[in-house]
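Summary of the model geometry
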Amino acid sequence: MNLMMNCWKMKSGTGFKDRQEIRAFVKAFKENNPVTCAIFCHTLQYDSVEALVAMVTFRLLEAEKRKLVVLQKELAQYDEKELQGLIRRREEKQLENNINRIQHQYNQLEQEYRIAAMGVFRHNRHIRRSSRSQPAIGLKQTTKPRPSIFGTITKDKTPKDRRLKTVSPQMLSFSQMLDHSQTGNNNNNTCSHYSKDQALIFADGILMAGSMEALIQHLVPTDEYNPDKTYVFAFLLSSRLFIRPHDLISEVCQVCILQQNLSEDELRKEKLGKFGPNIIQLLSEWADMFPYDFRDERMMKKLKEITQRILAIYPELRPDVTNITHSLVKKLNELQNYEEELARWNSEATLRSNTQEVPTTDIMEVCPSPLELAQQLTHIELDRLSHIGPEEFVQAFSKEANTKETTYNDMKKTSNLEAYVHWFNRLSYFVTTEICSHLKKKNRVRIIEYFVDVAKECINMGNFNSLMAIIAGMNMTWVSRLKKTWSKVNRAKFEILEHQMDPTSNFGIYRSCLKAAMWRSEGAEAGSKEEKIIIPFFSLFVKDLYFLNEGCSNKLPNGDINFEKFWQLAKQISDFITWQQAECPFPKNDKVINYLLTSPVFSESTLALASFECEAPEKSFEKEKHKQLKASASV
């Protein structure tokens, strides 16, 4: 942008007509677009792109030299004090301009993001669409009966002029399914139609709505039809809002029996064709995508029943069935071992908290290197992230949408999501405890600057969750009130980190950093594991899913299930699954990890007392709080 503006100031020297032309050239040059660059060279009568760039660079240097001469003349007119004041005012002005520019950019981003994520489209004479190519499966604005956590979806009138048309099962790719902007961005050209039996509704080849019976039918394979993997994932993910997994697999079995006449005494492979391999593939995808569903004994029983029935007709599929079973047993054993390990960590942490009132060491003694601590935090983050099942998000959001048939306890088989949130809270309190446990100011300054360096390493690694937990810990009241301590801290680096995680404009700056990390991960080479790491700010990720659900209802006014919403949920959670698959390339230090997970952390009241011991209360409400705490603690 600076290059473009300076080029604009020198337009008479380079041949550019206006700012728009300069912007087009800079964009073409940055995107390495040889055709556009060549057109500019020809129009401006330059021999090559390098010659044009060289001329722009030369003009830029000349302009900078002239500005330097002017500044030197201005500096000669001021004494030292006036000069310092002038520099300070210019820095403040520059900072203010930067803040205003960033706010302007991300205010627009926030507005467009809300439209894309929540589906808040205003219907007047024409439907207003977002101009961005970001997630734009246009969710329809409808009235909501009441707010609930992932309970209902917005409603819209079904178009009256839908054309009846026989359609084949959708077989689009995942990117086409989940990026509706490529196919349905023009509302006037949208082709919507019912399926042959009026049960499924498609728009531009994408499934938009349907009854539960029709959607289950669409899931079940036949001799000639095999459901697309993207549909399988989206349906199995969100169907648990309406039907329990063990009931769903029973329905699938029943449809298979009726469709293929599996209840007949004599069945021939020639009659069934490819039905056997296709149904085994569906079961394999289910077990691979949602293995935690099979913690339910009813699921395992149904799986055994249908596979035995298939093997009686297709004995050659026994290796495939064996692979499904072995893979399930392995994943469920890994989950059980992980849960037992979490229980051990929690028990040890509780024991140490009960027996050790004050920490006997600090993190800098255990791990002097901020880089190494950031690496060990990344180990913990990826380990806990990898065990969260995608269905746990939907199950958490369905707590208020349960019926007598589908209860939360019946659906909930894991608590890995809650364990990950607990880890974030523990890390925040760990940081606060480490700071407030030092009575000497210089030690508190040292530990604060240490955590600032750790947070900086976390953002370089793409570990945004630990970064935010550290910032949250240092922003807690019992640390932020230590004015004398903070006066000795180099706040410049800390303020840079706070700026990266600024919550204004819906965390616009963080979202840009996350997008850059995703681009880096996608472009990383196969052997570069460090660049593939993305650990999102988890609470914000869950919040985005919550608002996506809150802006949309699960059913349309005619009672059909709004599958358009479920494509959006699947898209966001599929990104999360990609992040889960990253491997941590850093060496593991068990001593540091053990300290992070089991060292005592202060409670809220203990933190308050420790903070008042570090720096005596000054304000009246602090003195009153201190008095109450001492009385309750019998100090």
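On a predicted model such as this, the values are computed, not experimentally measured, just so you know.

**Concerning the overall build of the protein**
Each helix and strand counted, the protein has 31 helices and 5 strands in total. Evaluated residue by residue, the protein yields a buried proportion of 47% over its 635 residues. Relative to all contacts within the protein whose residues are 6 or more apart in sequence, the contacts with residues 24 or more apart total 73%. Accessible surface, the protein: about 33,500 Å² in total, of which carbon and sulfur atoms supply 51%.

**Details of the pattern of salt bridges**
Inspection of the entire model under this criterion finds 15 salt bridges. Between aspartate 453 and lysine 493 there is a salt bridge, and its shortest N-O distance comes to 2.9 Å. In this pair, aspartate 453 is assigned in helix α21 (residues 441-461) and lysine 493 in helix α25 (residues 491-500), connecting sequence segments 40 residues apart. The exposure class assigned to lysine 493 is partly exposed, which follows from its relative accessible area of 34%.

**Let's talk about the nonpolar core**
Counting 142 residues, the largest nonpolar core has Phe235, Ile363, Leu373, Phe393, Phe451 and Met474 as its most contacted members. Looking at which element gives the most residues to this core, the answer is α21, with 11 residues. Contact partners of leucine 373, with chain neighbours within four places excluded, come to Ile363, Cys367, Tyr450, Phe451, Val454, Val592 and Leu596.

**Considering the pairing of strand β4 (residues 206-210)**
Here β4 lies mainly inside the structure; 5 of its 5 residues are buried. Here strand β3 (residues 200-203) folds back onto β4 in antiparallel fashion, the turn holding 2 residues, of which aspartate 204 has a positive phi close to 55°. The pairing of β4 with strand β5 (residues 561-562) spans 2 bridges and is classified as antiparallel. Residue pairing across strands places glycine 210 opposite isoleucine 561, the latter belonging to β5.

**Considering the side chain of aspartate 362**
Here aspartate 362 is to be found in the loop between α15 (318-355) and α16 (363-366). In terms of polar contacts, aspartate 362 uses its side chain to reach the side chain of histidine 438, at 3.2 Å. Ignoring sequence-local partners within four residues, the contact set of aspartate 362 consists of Glu434, His438, Arg446 and Tyr595.

**Quick word on the environment of glutamate 622**
With respect to the element layout, glutamate 622 can be found in helix α31 (residues 620-632). Taking the C-alpha atoms as reference points, glutamate 622 and phenylalanine 612, 10 residues apart in sequence, are found 8.5 Å from one another. Setting aside residues no more than four positions away along its own chain, glutamate 622 makes contact with Arg481, Phe612 and Pro617. Here the side chain of glutamate 622 touches glutamate 618 through a polar contact of 3.2 Å, landing on its backbone nitrogen.

**Here we look at the packing of helix α13 (residues 275-289) against α15**
Close contact between α13 and α15 brings their axes to 10 Å; oriented N to C, the two are set at 10°. By the angle between their directions, the pair α13 and α15 is classed as roughly parallel. Across from Ile280, Leu283, Ser284, Ala287 and Asp288 in α13, the residues of α15 making contact are Asp320, Val321, Ile324, Leu328 and Lys331. Tallied by class, residues from the contact of α13 with α15 come to 6 nonpolar, 1 polar and 3 charged.

**Some points on the pairing of β3**
Residues Leu200 and Phe202 point to one face of β3 and Ile201 and Ala203 to the other, with burial holding for every one of them. Of the pairings in the sheet, the one linking β3 to β4 comprises 4 bridges and is antiparallel in character. Across the sheet, residue leucine 200 finds its bridge partner in β4, namely glycine 210.

**Focus on the environment of leucine 351**
Tracing the chain through its elements places leucine 351 in helix α15. In this structure leucine 351 comes out as exposed when scored by relative accessible area, which is 53%. Along the chain, leucine 351 and threonine 598 lie 247 residues apart, while their C-alpha atoms are 8.9 Å from each other.

**Some points on the packing of aromatic side chains**
Following the criterion strictly, the structure yields 24 aromatic pairs and no others. Between phenylalanine 563 and phenylalanine 566, the ring centres sit 5.8 Å apart and the planes meet at 80°, which makes this aromatic pair edge-to-face. Highlighted residues: phenylalanine 563 and phenylalanine 566, both in helix α28 (residues 563-580), separated by 3 residues, approximately one helical turn. Each member of the pair, phenylalanine 563 as well as phenylalanine 566, carries the same accessibility label: buried. Members of the aromatic cluster, joined through ring pairs, are Tyr231, Phe235, Phe242, Phe563, Phe566 and Trp567. Note that arginine 240 overlies the ring of phenylalanine 290, its terminal NZ or CZ placed 5.1 Å from the centroid.

**Here we look at the confidence of the model for the protein**
The share of residues in the protein with pLDDT of 70 or more is 71%, and the mean pLDDT across the chain is 78. Of all helices and strands in the protein, the one with the weakest mean pLDDT is strand β1 (residues 163-164) (32), whereas helix α17 (residues 370-386) scores best (96). Residue range residues 117-198 is modelled with pLDDT below 50. Its contacts to residues more than four positions away, or to other chains, number 196 contacts.

**Details of the packing of helix α27 (residues 538-550) against α28**
Two elements in contact, α27 and α28, have axes separated by 10 Å at closest approach and are oriented at 170°. If you check the angle between α27 and α28, you find them roughly antiparallel. The handedness of the crossing between α27 and α28 is left-handed. Residues Phe538, Phe541, Asp544, Leu545, Leu548 and Asn549 of α27 form the contact with α28, whose own contacting residues are Lys565, Gln568, Leu569, Gln572, Ile573, Phe576 and Trp579. Its residues assigned to classes, the contact of α27 with α28 comprises 8 nonpolar, 3 polar and 2 charged.

**Regarding α28**
Across its 18 residues, α28 extends 25 Å between first and last C-alpha, which sits within 8% of the 26 Å expected from 1.5 Å per residue. Most of α28 is tucked away: 14 of the 18 residues are buried. N-cap assignment for α28: the residue whose side-chain oxygen lies 3.2 Å from the backbone N of glutamate 564 is asparagine 562.

**Quick notes on unusual backbone geometry**
For residues other than glycine, phi is negative in most cases, and the peptide bonds are mostly trans. Of note, the phi angle at serine 505 is positive, near 55°, even though the residue is not glycine. Considering the arrangement of structural elements, one finds serine 505 in helix α26 (residues 504-523). Accessibility expressed as a relative area gives 12% for serine 505, which makes it buried. Positive phi, close to 55°, is recorded for phenylalanine 507, a residue that is not glycine. Mapped onto the elements of the fold, phenylalanine 507 is located in helix α26. Assessed through its relative accessible area of 11%, phenylalanine 507 is described here as buried.

**Notes on the environment of arginine 344**
Assignment of secondary structure puts arginine 344 in helix α15. A C-alpha to C-alpha distance of 9.7 Å links arginine 344 and threonine 598, two positions 254 residues apart in sequence.

About the thresholds
Position labels on residues start from 1 in each chain and follow its written sequence. For a predicted model such as this one, the threshold for reporting local features is a pLDDT of at least 70, and the threshold for listing and counting side-chain atom pairs is 80 or more; totals across whole chains, interfaces and linings nevertheless cover every residue. No hydrogens and no water enter the side-chain calculation; it runs on all heavy atoms of the structure. Elements are defined by DSSP. Helices are runs of H or I of four residues or more, strands are runs of E of two residues or more, and each kind is numbered from the N terminus. In this scheme, a residue with accessible area under 20% of its type's maximum is buried, one over 50% is exposed, and one in between is partly exposed, where area comes from a 1.4 Å probe on protein chains only. Should any heavy atoms of two residues lie within 4.5 Å, those residues are considered in contact. Residue burial considers only the protein chains on display, and all accessible areas are found by Shrake-Rupley using a 1.4 Å probe. In what follows, salt bridge is the name for a side-chain nitrogen of Lys or Arg lying within 4 Å of a carboxyl oxygen of Asp or Glu. Take the buried Ala, Val, Leu, Ile, Met, Phe, Trp, Tyr and Cys residues and link them wherever side-chain atoms come within 4.5 Å; each set so joined is a nonpolar core. Only strands that DSSP links by at least two bridges are regarded as paired with each other. Polar contact is defined as a pair of N or O atoms within 3.5 Å, subject to the rule that within protein one atom must be able to donate a hydrogen and the other to accept it, and that residues adjacent in sequence are counted only when both atoms are side-chain atoms. Comment: axis = line fitted to C-alpha atoms, over the contacting stretch for helices; angle = value between 0 and 180 degrees taken between N-to-C directions. Relative orientations are named as follows: roughly parallel for angles under 35 degrees, roughly antiparallel for angles over 145 degrees, roughly perpendicular for angles from 65 to 115 degrees, and oblique for any other angle. Each residue gets one label: Ala, Val, Leu, Ile, Met, Phe, Trp, Tyr, Cys and Pro are nonpolar, Asp, Glu, Lys and Arg are charged, and the others, such as Gly, are polar. Any Phe, Tyr or Trp ring, taking Trp's six-membered ring, that has another such ring centre within 6.5 Å forms a pair; planes under 30 degrees apart are called stacked, those over 60 apart edge-to-face, and the others tilted. The criterion for a charge sitting over a ring is simple: Lys NZ or Arg CZ within 6 Å of the ring centre, and within 35 degrees of the ring normal. pLDDT is defined as a per-residue confidence score from the predictor, taking values between 0 and 100. Crossing handedness: left-handed means the near helix sits turned counterclockwise from the far one by under a right angle, and right-handed means the same turn made clockwise. Helices are assigned an expected span. That span is 1.5 Å times one less than the residue count.

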